[in-house]
Amino acid sequence: MGKVLMKGNEAIGEAAIRAGCLNYFAYPITPQSEVAEYLSRRLPEVGGVFLQGESEVAVSYMIFGAAACGERVFTTSSSPGISLMSEGISYIAAAQCPAVFVNIMRGGPGLGGILPSQADYFQATKGGGHGDYRLLVMAPAGVQEAVEMVMRAFPLAEEYRNPVIILGDGLIGQMMEPVEFPDHLSSKPSNKDEWATNGMATRKSGRPNIVRTLILDPNTLNEHNLHLKEKYERMKRDEVRYEPYNLEADYRGLIVSYGTMSRVCRSAIDALKEQGVEVGMVRPQTLFPFPEKAIEEAASKESCEVVVSIEMSMGQMVEDVERSVRGRRPVEWYGTCGGDVPTPEEIMEAMKSFMSSESPHLVHSSTG
Amino acid sequence: MGKEFTRPQALSEQHTHYCPGCTHGIIHRLIAQVIDELGVRGRTVGIAPVGCAVLAYNYFTFDFQEAAHGRAPAMATGIKRVRPDLMVFTYQGDGDLASIGMGEIVHAANRGEKFTTIFVNNTVYGMTGGQMAPTTMPGQRTTTSPLGRNIDEIGMPLKVAELLSTLETPGYIERVTVIKPSYIVRAKRAIKRAFTYQLQGRCFSLVEVVSTCPTNWGLTPMEAVNWTADVLLPYYQLGEYKSPDTREEG
């Protein structure tokens, strides 16, 4: 099938259908309401389920109920909505049910703004809801990648029996790009008879399945959490994805950046190269698990003087970058968090200021 | 002649953790009997609440999910929408349904979701230790209303059956109790009607069961039954509040 020009939000909705998920529950919120609008007409065409819930809280439990029955299900929302869903997400992770969430991030905290942001990094990668759980977090840098990540998310959620979240931003949701839906990423739901409440009569075991999260015995709860941790360790081992950029050069600065922000960084790196200044980039495609080793290796290159986390948030990713760099190089932060995406020129300027002024390339490089 | 009184297949042999004089046990048994009679155990999913009945799945022999506080109607919605062939009921107390979960129950009922809610109203938060609920009676002492519920500050007890009956969407809503055998027979009839409407795909159904909590009321089981009859039933009047049949006839 050829490419079609689609808005990010609509492409995300279509990607779920192509992946084999026909169940969608959601509550409207800018800047991703187009997903619900698109699916409200598209899902009935393919015999799927579309329901607009009364709140994001309720939606997260509609997702839980459907997922606990063993059906593929997903929702989309934006930052304040994900805060409300975080209660349900904690339960879904605790109950080990597969489900897919998409967060088209907007500026925060509070109502914040409706323009693109990456300020939910902590929420997605460190928790959001209560308790010891993690989400598999994927961060697309364009509409095509968003489509592919959504399509991969369903089998991954099933493999780990854990929620997966796609962390996009308002720009990815709103912009139009040519996309295709790769057939090889369509998949069949896995068999869930071992645990799902899909009706006892449909199963060979003839025993009731109970999906629960209350574990009053301290030893059993500890074991449960250790089991969850094992899954997260397995994700760290097997699911790290990142894209290297210009790492073959003798770069003096290394950028770590993801999503929309990384695209601007790429332009800045290209422009700096034309000026004779080399900068490399590691673009995490998964934020949990985080590409720690790739960043450590890239930062350890002899030519590298500084590592800069460039993000549309106030340095939320810096902690993970520092942890990855393990003190081998200084780690800096650059970014904005109001909804405006920094320009390539601003990033070039920032990178130059972070790199040593002794460099011959920089002596006459004032762009002012 | 064989045995005439046996344990329903849908009820497990687990010993109860409920207090003496608590009516959860009777209500569980009625649900199990109805599920046996309808022959739907193999496709039933129950949803346990947060509260004393959080462990309800220990007492039944079919699939169960466990909800967060108040969210059972949203979970039931998720199940029924993706698997309409399953028989789904939520089992919720008054703190769960009438306080934190009021949004979920109103919207599920108003959408006409095809599941059943068994609403156990004993006027207090049971498991957390007898705190005031939206259904606590005026002047009733609880651990968070030690001087009695003050209606000037807290308002009057919520009447859930009446409130949900104002919705225009067709539904079946009945209030019953289980404090004496004749009431138990009527309660079972109501639960069976509710499940039957669901199986017919007709409407949302809710059976409110006015129940006892001797432990948190500070009464003996017998006193609790009497207090239910004398104080609760005049306020929470029994009967059918809404029926899809009457609507069609009218």
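Residues numbered from 1 in each chain as written. Chains lettered and ligands numbered in written order. Predicted model: local features only at pLDDT ≥ 70, side-chain atom pairs only at ≥ 80, totals over all residues.

## Points about the overall build of chain B
Inference 1: Within chain B, the regular secondary structure consists of 10 helices and 9 strands.
Inference 2: Expected size for 250 residues packed as a compact globule is a radius of gyration near 18 Å; at 17 Å, chain B falls within 12% of this value.
Inference 3: Along the first, second and third principal axes, the C-alpha set of chain B runs to 50 × 45 × 35 Å.
Inference 4: In chain B, which comprises 250 residues, the share counted as buried stands at 53%.
Inference 5: A fraction of 67% describes how many contacts in chain B between residues 6 or more apart in sequence connect residues 24 or more apart. (Helix = DSSP H or I, 4+ residues; strand = E, 2+ residues; numbered from the N terminus. Rg over C-alpha atoms; globule rule 2.2 N^0.38 Å. Buried ≥ 20, exposed ≤ 12 C-beta atoms within 10 Å, placed from the backbone. Contact = placed C-beta atoms within 7 Å.)

## Structural notes on the overall build of chain A
Inference 1: On a plain count of helices and strands, chain A comes out with 12 helices and 15 strands.
Inference 2: For 368 residues, the compact-globule estimate of 2.2 N^0.38 gives 21 Å, and chain A sits close to it at 21 Å.
Inference 3: Principal-axis analysis of the C-alpha atoms gives chain A an extent of 75 × 50 × 40 Å.
Inference 4: Counting all 368 residues of chain A, 55% fall into the buried class.

## Re the sheet that holds strand β7 (residues 171-177) of chain B
Inference 1: Read from one edge to the other, the open sheet built from 8 strands follows the order β9(A)-β2(B)-β1(B)-β3(B)-β4(B)-β8(B)-β7(B)-β9(B), with strand pairing classed as mixed. Single-partner strands in this sheet number two, and they are β9 (210-211) of chain A together with β9 (239-242) of chain B.
Inference 2: One ladder, built from 4 bridges, connects strand β1 (residues 44-48) of chain B with strand β2 (residues 63-66) of chain B; its direction is parallel. By the bridge assignment for β2(B), B:Ala48 is matched with B:Glu66. (Pairing = 2+ DSSP bridges.)

## Describing helix α9 (residues 259-274) of chain A
All names here are of chain A.
Inference 1: Over its 16 residues, α9 extends 24 Å from the first C-alpha to the last, a length consistent with the 22 Å expected when each residue adds 1.5 Å.
Inference 2: Among all positions in α9, only Gly259, Thr260, Met261, Ser262, Cys265, Arg266, Ala268, Ile269 and Leu272 are buried.
Inference 3: Looking at the residues trailing α9, positive phi occurs at glycine 276, about 85°. (Expected span 1.5 Å × (residues − 1).)

## Observations regarding the packing of helix α2 (residues 72-82) of chain B against helix α4 (residues 102-111) of chain B
Inference 1: Where α2(B) meets α4(B), the closest approach of the two axes is 7 Å, and the angle between their N-to-C directions is 35°. For the pair formed by α2(B) and α4(B), the contact residues are B:Pro73, B:Ala74, B:Ala76 and B:Thr77 on the first element and B:Glu104, B:Ile105 and B:Ala108 on the second. (Axes fitted to C-alpha atoms, helices over the stretch in contact; angles between N-to-C directions.)

## Examining helix α8 (residues 218-238) of chain A
One turn of an α-helix holds 3.6 residues; hence residues three or four places apart share an orientation.
Inference 1: For α8(A), which comprises 21 residues, the first-to-last C-alpha distance of 30 Å matches the rise-based estimate of 30 Å (1.5 Å per residue) to within 8%.
Inference 2: Where α8(A) is buried, its residues touch β6 (136-138) and α6 (143-160) of chain A.

## Overview of the confidence of the model for chain B
The predicted coordinates ought not to be read in detail in places where the model reports low pLDDT.
Inference 1: Confidence in the prediction for chain B averages 96 pLDDT; 98% of positions are at 70 or higher.
Inference 2: Among the scores for the predicted complex, ipTM is 0.96 and pTM is 0.96. (pLDDT = per-residue confidence, 0-100.)

## Some remarks on the sheet that holds strand β11 (residues 253-256) of chain A
All names here are of chain A.
Inference 1: Spatial ordering of the open sheet is given by β10-β12-β11-β14-β15, a layout of 5 strands whose pairing is mixed. Here the strands that pair on one side only, and so sit at the sheet edges, are β10 (242-245) and β15 (331-335). Pairwise comparison of adjacent strand axes, ignoring direction, gives a mean angle of 20° for this sheet.
Inference 2: Summarising the sheet, β11 and strand β14 (residues 306-311) pair through 4 bridges and their orientation is parallel. In the sheet register, leucine 254 faces β14, and the bridge partner there is valine 307.
Inference 3: Here α9 sits on the sheet and contacts β10, β11, β12 (279-284) and β14; the angle it forms with β12, its principal contact strand, is near 165°.
Inference 4: Sheet strands touched by helix α10 (residues 292-299): β10, β11, β12 and β14. Its angle to β12, the strand with the most contacts, is close to 175°.

## Here we look at the nonpolar core
Inference 1: A:Ile63 and A:Val150 are the most contacted members of the largest nonpolar core, which has 193 residues in total.
Inference 2: Look past the residues within four positions of A:Val150 in its chain and what remains in contact with it is A:Ile12, A:Ala15, A:Ala16, A:Ala19 and A:Ile166. (Core = buried A, V, L, I, M, F, W, Y, C linked by C-beta atoms within 7 Å.)

## What to know about unusual backbone geometry
Leaving glycine out, the prevailing phi sign among residues is negative, and the prevailing peptide bond configuration is trans.
All names here are of chain A.
Inference 1: Residue proline 109 follows glycine 108 across a cis peptide bond; omega there is 0°.
Inference 2: Structurally, proline 109 is set in the loop between β5 (99-105) and α5 (121-126).
Inference 3: Even without being a glycine, arginine 161 presents a positive backbone phi close to 45°.
Inference 4: In this fold, arginine 161 is placed in the loop between α6 and β7 (163-169).
Inference 5: For arginine 161, a count of 20 C-beta atoms within 10 Å puts it in the buried group.
Inference 6: Residues other than glycine seldom take positive phi values, yet asparagine 246 does so here, at roughly 60°.
Inference 7: On the basis of neighbour counts, which here come to 17 C-beta atoms within 10 Å, the residue asparagine 246 falls in the partly exposed class.

## Describing the interface of chain B and chain A
Inference 1: Contacts between the two partners involve 28 residues from chain B, matched on the other side by 31 residues from chain A.
Inference 2: Looking at the side of chain B that touches chain A, the elements with two or more residues in it are β2, α2 and α4 of chain B.
Inference 3: Considering every element that reaches the side of chain B that touches chain A, the biggest residue donor is α2(B), with 8 residues.
Inference 4: A breakdown of the residues in the side of chain B that touches chain A according to their chemical character gives 13 nonpolar, 7 polar and 8 charged.
Inference 5: Bridging between β9(A) and β2(B) involves 2 bridges; their strand directions are parallel. Bridged to A:Ile210 within β2(B) is B:Phe64. (Nonpolar A, V, L, I, M, F, W, Y, C, P; charged D, E, K, R; others polar.)

## Observations concerning the domain arrangement of chain A
Residues and elements named next belong to chain A.
Inference 1: Segmenting chain A into domains produces domain 1 (4-238) and domain 2 (242-354).
Inference 2: Spacing between the C-alpha centres of domain 1 and domain 2 amounts to 28 Å.
Inference 3: The partner domain 2 presents 22 residues to the 26 residues of domain 1 that form the contact.
Inference 4: By residue number, the principal contributor to the side of domain 1 that touches domain 2 is α5, which donates 4 residues. (Domains from an automatic or database assignment.)

## Let's talk about the packing of helix α3 (residues 56-68) of chain A against α2(B)
Inference 1: One way to put it is that α3(A) packs onto α2(B) with a least axis distance of 6 Å and a crossing angle of 50°. By the angle between their directions, the pair α3(A) and α2(B) is classed as oblique. The chirality of how α3(A) crosses α2(B) is right-handed. Contact residues: A:Ala58, A:Tyr61, A:Met62, A:Ile63, A:Phe64, A:Gly65 and A:Ala66 in α3(A); B:Ala74, B:Met75, B:Ala76, B:Thr77, B:Gly78, B:Ile79, B:Arg81 and B:Val82 in α2(B).
Inference 2: When grouped by side-chain class, the residues that make up the contact of α3(A) with α2(B) number 11 nonpolar, 3 polar and 1 charged. (Parallel < 35°, antiparallel > 145°, perpendicular 65-115°, else oblique. Left-handed = near helix turned anticlockwise from the far one by under 90°.)

## Comments concerning the environment of A:Gly128
All names here are of chain A.
Inference 1: Summarising the element assignment, glycine 128 is placed in the loop between α5 and β6.
Inference 2: For the pair glycine 128 and leucine 84, spaced 44 residues apart in sequence, the C-alpha separation works out to 9.5 Å.
Inference 3: For glycine 128, the residues in contact, after removing those within four places along its chain, are Ile82, Ser86, Ile89 and Gln123.

## What to know about the pairing of β1(B)
All names here are of chain B.
Inference 1: Burial analysis of β1 places 5 of its 5 residues in the buried class, which makes it a mostly covered element.
Inference 2: On β1, burial covers both faces: Thr44, Gly46 and Ala48 on one face and Val45 and Ile47 on the other are all buried.
Inference 3: Pairing analysis gives 4 bridges linking β1 to strand β3 (residues 87-93), with the strands arranged parallel. Its bridge partner being in β3, glycine 46 is matched across the sheet by phenylalanine 89.

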